[in-house]
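# Structure assessment
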Amino acid sequence: MGVRIALIAALLLAGCENVGLAPNPAGTEAVARGRVAAERLGCGACHVIPGIWPAGTSGPSLANFRNRASIAGRQANRPDRLAEFLLDPAGTAMPRQPMSARDAADIAAFLHSAPQSAHAR
Amino acid sequence: MRVEAGLTSVLSGWPPPVLDAGGPFAQPVVLLTWALLIGGTIVLIVVLAALAVALWGKPSLRRRLGGDRAIWIGGVAFPGVVLTALLIWGLRLTGDLQATGPRADEMRVRITGEMWWWRVAYLDAAGRTVIRDANELHIPVGKSVLLELASADVIHSFWVPNLAGKMDMIPGRTNLLRIQADRPGTYGGQCAEYCGGPHALMGFAVVAHTPETFARWQAGRRAPPPPEAQRGAELFRTSGCAACHTIAGTEANGLAGPDLSHVGSRRTLGAGILPNNRGTLMGWIADSQTLKPGNRMPGYKQLAPEDLAALAAYMESLK
C-alpha cells in the first residue's frame, strides 16, 4: 500500500517537470541563463513571456514563440537568426537593448525552449 | 560589477533578505527577532510537553501539573519574570533606534510616500532641498543618514530591511528614521503599509557607495542635464509630460509625478519594479497601466514607435 502511494506520488511529482523532448544539458543551461537575462533586461515591460514578470502588452506576446514561423514577420524563426535580431532589431519598434552576444543567444534559446509554463518560476 | 549584481538582487531577489543586517540600525532588530523566535519556540515546546503530560502522563505527574504550585510558577512567575526581562532588554537594545534631530554633519534626506512611489529630496544643513530624485536613495557607506519620512496622501511605511526597521509615513507628520550601510551595495526596500491599488509594486532601492563613488555621484547630480536628444526633449514638451514631471534646466516643472532630471541614472523604473533601459522606458511610457495597474501615469500608446524611442532616448540621456 505504502509503495503504491509512493509510486503515485512520484508520478504526480514527475508531472510537475517539463518532460518533453530530452534536452541536452548545455541547452538547458543556456535556457536558464536566457531566462535570467530576459528578467534582467526587463523584456516583460513590453512582452508577455510565460514565467517572466511583468507581462507587458505594448509589444507582441512571445508565449510559445518557438511555434512562430517568422521573427517580426521577416525571417525564418531559427534560434541563431533570433539572436542576431535581438542584438539589432533595426526597422522594428523594438530598441536595441544592452545585451551581449551571449545574452542574445541565451535569450533565443530560452524563447525556443520546451513549452513554457506560467508556473515555470 | 558590484552594482550590476545589486541591481539583479533588487529586482529578482524579492523580497530583500530580512534577517541580514547591513548596518548598526538593523542589527538590534535582527537580534531581537532571533531572540523572540528562539525563545518563543522553547516556550512552545515546553507548553506542548505539558499538554502531552496532561493528556497521556502518569496520574502522579498530571496531579502535579494541575496543582496550585504549577499554576503559580508556570502561569504567573515565569511569564512575569521572562516578559519583564525581555521588555527591559528590548527597550535598551532598540533605544538607539529612536532618532531625534540631526547630528552634526549628518546627511539628511526627506522621503515622501505618494501613491505609489517615493519622492526623494536631499537636504542641506538648513533643511533646503539640494537634489530632487525619486524611488532611490544614494548614501555613503559607514555614515549614518537621517531620513525625514512624510506622506502626501495615505499612510505608507518605509522599510529597507537590511538597514533599519519599518517606519510609518503618516500624513501631516514627519517621522525620523536613521539608516546606515556598512558595506557598499544596493539594498531593496518596499512599502510596508497597504496603501491601495499597486501597493505591492511600490519598491525602493538604497545604493550605498564608497566615499569616492559617492563624491562622483554627488558631482554628477549637480551638473545640468546634457543638451542631447533634442527630438525627445521636444516631444516631452509637446506631449504634455511637463504637466506632471520636472526636468531641471528646462521649462518642465510639473510636481505631480517623479522628478525626471536624472531619471537616466536611476536603477529602476516604476518605483523599483523594472530595470531601467531604453526598452523598459519605452514599455513604461507606452503602457504603464498594464505594468502597474492603477498608477497615476496614463499610457501613451498613441505615440508612434519612433517618437517613443526618441522620448526614451531623451530619458536615458538625463543622467
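Above: the structure in question.
Let me begin by describing the structure that accompanies this report. Think of each chain on its own: its residues are numbered from 1, step by step along the sequence as written. Each chain is given a letter, starting from A, and each ligand a number, starting from 1, according to the order in which they appear as written. Confidence filtering applies because this is a predicted model: local features only for residues at pLDDT of at least 70, side-chain atom pairs given and counted only at 80 or more, and all residues used for totals across whole chains, interfaces and linings. Think of the side-chain values as coming from all heavy atoms in the structure, minus any hydrogens and water.

### Comments concerning the interface of chain B and chain A
Pairs of residues are marked as contacts when any of their non-hydrogen atoms sit within 4.5 Å. If you look at the interface, chain B gives 19 residues, while chain A gives 18 residues. By definition here, a salt bridge exists when the distance from a side-chain nitrogen of Lys or Arg to a carboxyl oxygen of Asp or Glu is within 4 Å. One can count 0 salt bridges joining chain B with chain A. Two N or O atoms count as a polar contact when they lie within 3.5 Å, although within protein this holds only if one can serve as hydrogen donor and the other as acceptor, and sequence-adjacent residues are included solely when both atoms are side-chain atoms. Where chain B packs against chain A, one counts 5 residue pairs in polar contact (both at pLDDT 80 or more). Secondary structure follows DSSP: runs of H or I at least 4 residues long count as helices, runs of E at least 2 residues long count as strands, and numbering of each begins at the N terminus. For the side of chain B that touches chain A, the secondary-structure elements that each account for two or more residues are α1 (2–12), β12 (274–275) and α7 (278–291) of chain B. The leading source of residues in the side of chain B that touches chain A is α7(B), at 9 residues.

### Considerations on the side chain of B:R178
Residues and elements named next belong to chain B. Within the element layout of this structure, R178 appears in strand β8 (residues 175–179). A 1.4 Å probe rolled over the protein chains alone gives each residue an accessible area, and that area as a share of the maximum for its type sets the label: buried under 20%, exposed over 50%, partly exposed in between. When its relative accessible area of 5% is taken as the criterion, R178 is described as buried. In terms of polar contacts, R178 uses its side chain to reach the backbone carbonyl oxygen of G101, at 3.2 Å. Of note is the side chain of R178, whose polar atom sits 2.7 Å from the side chain of E106. Setting aside residues no more than four positions away along its own chain, R178 makes contact with F25, A99, T100, G101, P102, R103, E106, S144, V145, L146 and A164.

### Remarks on the environment of B:T94
All names here are of chain B. Within the fold, T94 resides in helix α4 (residues 68–94). Classification of T94 by relative accessible area gives partly exposed; the value is 24%. It is 8.7 Å that separates the C-alpha atoms of T94 and L32, two residues lying 62 residues apart in sequence. Beyond its immediate chain neighbours, meaning those up to four positions away, T94 contacts P28 and L32. A polar side-chain atom of T94 sits 2.7 Å from the main-chain carbonyl oxygen of G90.

### So, the sheet that holds strand β10 (residues 203–209) of chain B
Residue and element names in this part refer to chain B. A pair of strands is treated as paired once DSSP finds two or more bridges between them. The strand order across the open sheet formed by 3 strands is β4-β10-β9, and the pairing between neighbours is mixed. At either end of the open sheet lies a strand with only one pairing partner, and these are β4 (136–140) and β9 (185–190). Adjacent strand axes in the sheet meet at a mean angle of 20° when their direction is disregarded. Here an axis means a line fitted to C-alpha atoms, over the contact stretch when the element is a helix, while the angle between two N-to-C directions is reported on a 0 to 180 degree scale.

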